[in-house]
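# Structural characterization, general
Below are the chains, spelled out letter by letter.
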Amino acid sequence: MVRTLPIASSSSSPLSFSTYNRTCLLPQYSSLKFSSLCTNNNNSNNNSNNSTSYTYNPSRRLALFQLGTAIPQSQLFGGKASKLLRAEGNVIEASTSGNMEPTSTAVAEQSVLEWVKNDKRRMLHVVYRVGDLEKTIKFYTECLGMKLLRKRDIPEERYTNAFLGYGPEESHFVVELTYNYGVDKYDIGNGFGHFGIAVEDVAKTVDLVKAKGGKVTREPGPVKGGNTVIAFIEDPDGYTFELLERGPTPEPLCQLMLRVGDLDRAINFYKKAFGMELLRKRDNPEYKYTIAMMGYGPEDKNTVLELTYNYGVSEYDKGNGYAQIAIGTDDVYKTAEAIKLCGGKITLEPGPLPGINTKITACLDPDGWKSVFVDNIDFLKELE
């Protein structure tokens, strides 16, 4: 079902990006160390990860946005020159030099991590780049049964976005396709795995894909070591989709698979920093890989993150096609604190975006995969 792919080199071209997408391409902040509360002391693979850089000629709006990221911490935290950590309703101040009573620090950290467990989080959308937007929209709507929810063209920044899915963005996980003017091909790399689509009849869907000229890379049949009927297909840009035969589900766009170099480390990070549950874990020694399903609810009703570890592989080429996932949160400031505590790298400090005032924060996980957290209320206002 999962095989280790050869490492491929990535290429970069001058690109334009959607608002959330650009946030992960701003100048990087320094790496943060793992907190003892969040790390797995048995880990041996703590490899550093390099993020892909792009050349981008910013518009005036983006230039203002970049300036916004340099706001002093004192302004981000209500005029205080210190970092504020909330513990049991009380504010504990830590100087910027990092000096604080160990007991107070531990209590504050635990409070933040407890808050994460109760935060109202949901996977909102996944962002990736395509070379022919209309062709991809046609494939997704005709072969996979998605609906085009909205589309926006930003000519001054030379890109177009299209949002597609199986239900409204207020309640469903959707794909955000980005087309950058004049760029018709991307390097997907070998770190991104696939999207999972739940269908009632895999064979019928595969026949439709073939009739529309789509590429089938695995014919319908039971998964190795199981009974679920699956098939694999590729969209016009080469992104892989796994078709899973299931009964009716409120969330047909059910999986996003990414490969990681240390599965226990990744599981621990997503549990603590992202507040996800470990829904199940399966080792397949015969095929030399292990998977872990992480998410905010059961697999049959929610989109889940499928983390895959291939034996002996600690790093992957991420290419420049796949971008990130967006996740809703009630508080981007506390979210950023939790990410820092758990060893994540903040690439955009929490705060409102100039022009639209949507509060977000952006980060990298220990393997270098990008995520953006978006304020829940602000996100709904955007959709209006």
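Residues numbered from 1 in each chain as written. Predicted model: local features only at pLDDT ≥ 70, side-chain atom pairs only at ≥ 80, totals over all residues. Heavy atoms only, no water.

## Section: the overall build of the protein
A count of helical and extended segments in the protein gives nine helices and 18 strands. For the protein, the residues scored as buried account for 53% of the 384 residues in total. Considering only contacts within the protein whose residues lie at least 6 apart along the sequence, 68% involve residues at least 24 apart. When the accessible area of the protein is evaluated, it comes to approximately 17,200 Å², of which 48% is carbon and sulfur surface. (Helix = DSSP H or I, 4+ residues; strand = E, 2+ residues; numbered from the N terminus. Buried < 20%, exposed > 50% of the residue type's maximum accessible area, 1.4 Å probe, protein only. Contact = heavy atoms within 4.5 Å. Areas by Shrake-Rupley, 256 points an atom, 1.4 Å probe, with all protein chains shown as cover.)

## Structural notes on the sheet that holds strand β15 (residues 322–329)
The strand order across the open sheet formed by eight strands is β4-β5-β6-β3-β15-β18-β17-β16, and the pairing between neighbours is mixed. Every other strand in the sheet has two partners, leaving β4 (147–154) and β16 (345–352) as the edge strands with one partner each. Going from strand to strand, the sheet's axes swing by 20° on average, the running direction of each strand aside. Pairing of β16 with strand β17 (residues 359–364) involves five bridges; the strand directions are antiparallel. Across the sheet, residue Leu348 finds its bridge partner in β17, namely Ala362. Sitting on the sheet, helix α9 (residues 376–383) touches β3 (122–129), β4, β15, β17 and β18 (370–375), and the angle it makes with β18 is about 85°. (Pairing = 2+ DSSP bridges. Axes fitted to C-alpha atoms, helices over the stretch in contact; angles between N-to-C directions.)

## Thoughts on the pairing of strand β6 (residues 174–180)
Buried residues dominate β6, accounting for six of its seven residues. Sheet analysis places β3 next to β6, joined by five bridges and oriented parallel. Of the residues in β6, the one forming a bridge with Tyr128 is Leu177.

## Structural notes on the UniProt feature "binding site: Zn(2+)" (unreviewed entry) in the protein
UniProt's feature table lists "binding site: Zn(2+)" (unreviewed entry) at Glu176, His194 and Glu242, given in the numbering used throughout. Relative to the assigned elements, Glu176 resides in strand β6. Here the side chain of Glu176 touches His125 through a polar contact of 3.4 Å, side chain to side chain. The class of His194 is buried, set by a relative accessible area of 2%. For His194, the contacting residues outside a window of four places in its chain are Phe232, Thr240, Phe241, Glu242, Gln255, Leu256, Met257 and Glu306. For His194, the side chain forms a polar contact with the side chain of Glu242, separated by 3.0 Å. (UniProt positions renumbered as here; feature names shortened; annotations may be inferred. Polar contact = N/O pair within 3.5 Å; in protein donor to acceptor, adjacent residues only side chain to side chain.)

## Focus on the nonpolar core
The biggest cluster of nonpolar side chains holds 63 residues, and the ones touching the most others in it are Tyr128, Tyr140, Met146 and Phe241. Apart from residues no more than four positions distant in its own chain, Met146 is found in contact with Tyr140, Thr141, Leu164, Gly165, Tyr166, Val175, Ile197, Phe241 and Leu253. Listed in part, the nine residues of the second largest apolar core include Ala326, Leu353, Val372 and Phe379. (Core = buried A, V, L, I, M, F, W, Y, C linked by side-chain atoms within 4.5 Å.)

## As for the packing of aromatic side chains
Per the stated rule, a full pass over the model turns up 15 aromatic pairs. For the pair Phe269 and Tyr270, a centre-to-centre distance of 5.5 Å together with 90° between the ring planes defines the contact as edge-to-face. There is no split in this pair, since Phe269 and Tyr270 are both buried. Taking NZ or CZ as reference, Arg150 lies 3.8 Å from the ring centre of Phe163, over its face. It is Lys318 that lies over the ring of Trp369; its NZ or CZ is 5.0 Å from the centre. (Phe/Tyr/Trp six-rings, centres within 6.5 Å; stacked < 30°, edge-to-face > 60°. Lys NZ or Arg CZ within 6 Å of the ring centre and 35° of its normal.)

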